[in-house]
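Coordinate inspection notes
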Amino acid sequence: MSLQHYLVISAILFTLGIFAVLTRKNAISILMGIELILNSCNLNFAAFSRFVVPPENVDGLIIPNIDGQVIAIFGIVLAAAEAAVFLAIILAIYREFGSIRPDEVDTLKG
C-alpha cells in the first residue's frame, strides 16, 4: 500500500467521524465520532512517518523512523483517557437528568 491509500482511508474515517458528531443526537454516538476523528489523525501520523521520513542507516543497519508511531501511541492513550472522562460525564448527566441526549440537557445546575 502506498501513502495515498492510507490518506484515503484516513479521509474516509475523518469524514465519517465529522458526520457522526454533527448528525447524532446520542452522546455515545458523538463520542464514537470523536474517536473516529482521533483515529484518522493517528493513522496520518503513522503513515507520514513511514512514507515521508527516510530510515536512518547506522553502521549498516537500517533503522526506521518511528516518531509518527510514538505520537500515534500517545494519541491512543489520550483517546482512552478522553473516553473515560467523557463516559463518566455521561453517567453523571444520566443520573441527574435521566437522558443522555445533549439537546435535552439544558442546565448545568443540580
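See the structure above.
Below is a summary of the structure that appears in this document. (Residues numbered from 1 in each chain as written. Predicted model: local features only at pLDDT ≥ 70, side-chain atom pairs only at ≥ 80, totals over all residues. Heavy atoms only, no water.)

**A few points about the packing of aromatic side chains**
Here is the rule we go by: Two rings from Phe, Tyr or Trp (for Trp, the six-membered ring) form a pair when their centres sit within 6.5 Å of each other. Planes less than 30 degrees apart are called stacked, planes more than 60 degrees apart edge-to-face, and all others tilted. Strands here mean DSSP runs of E at least two residues long; helices mean DSSP runs of H or I at least four residues long; both are numbered from the N terminus. Partly exposed residues are those whose accessible area sits between 20% and 50% of the maximum for their type, while under 20% is buried and over 50% is exposed, using a 1.4 Å probe and protein chains only. Here, over-ring charges are defined by two tests on the NZ atom of lysine or the CZ atom of arginine: distance to the ring centre within 6 Å, and angle to the ring normal within 35 degrees.
Scanning all chains against the criterion turns up one aromatic pair. Seen from their ring centres, Y6 and F51 are 5.7 Å apart, and the 45° between their planes marks the pair as tilted. You can see Y6 sitting in helix α1 (residues 3-23) and its partner F51 sitting in helix α2 (residues 27-51), a full 45 residues away along the chain. Under the relative-accessibility criterion, F51 is labelled partly exposed at 33%. The ring of F51 is capped by R50, whose NZ or CZ atom sits 5.1 Å from the centre of that ring.

**Things to note about the environment of I12**
In this fold, I12 is placed in helix α1. The class for I12 is partly exposed, based on a relative accessible area of 49%.

**Points about the side chain of S99**
Stated precisely, the cut-off is as follows: By the criterion applied in these results, polar contacts are pairs of N or O atoms within 3.5 Å in which, for protein atoms, one can donate a hydrogen and the other can accept it, and in which residues neighboring in sequence qualify only through two side-chain atoms. Any two residues having at least one pair of non-hydrogen atoms within 4.5 Å are treated as being in contact.
If you trace the backbone, S99 turns up in the segment after α3 (67-97). Look at S99 and you get buried, because its relative accessible area is 13%. A distance of 3.2 Å separates the side chain of S99 from the backbone nitrogen of R101, its partner in a polar contact. Filtering out sequence-adjacent residues up to four positions away, S99 remains in contact with I93, Y94, E104 and V105.

**Focus: a nonpolar patch on the surface**
The condition is simple: Candidates for patches are residues over 30% relative accessible area with no salt bridge; among them, like charges are joined within 9 Å and nonpolar side chains (Val, Leu, Ile, Met, Phe, Trp, Tyr) within 5 Å. Surface accessibility in these figures is a Shrake-Rupley result with a 1.4 Å probe; residues are shielded only by whichever protein chains are displayed. Within this document, salt bridges are pairs made up of a side-chain nitrogen of Lys or Arg and a carboxyl oxygen of Asp or Glu, the two lying within 4 Å of each other.
Together, F48, F51, V52 and V53 make up a nonpolar patch on the protein surface, roughly 310 Å² of accessible area in all. What makes F48 partly exposed here is its relative accessible area of 37%.

**Let's talk about the environment of E35**
Relative to the assigned elements, E35 resides in helix α2. Here the alpha-carbon distance between E35 and E104, two residues 69 residues apart in the chain, equals 23 Å. Those residues in contact with E35 that sit more than four places away from it in its chain are A79, E82 and A83.

Worth remembering: the numbers are spatial, not functional.
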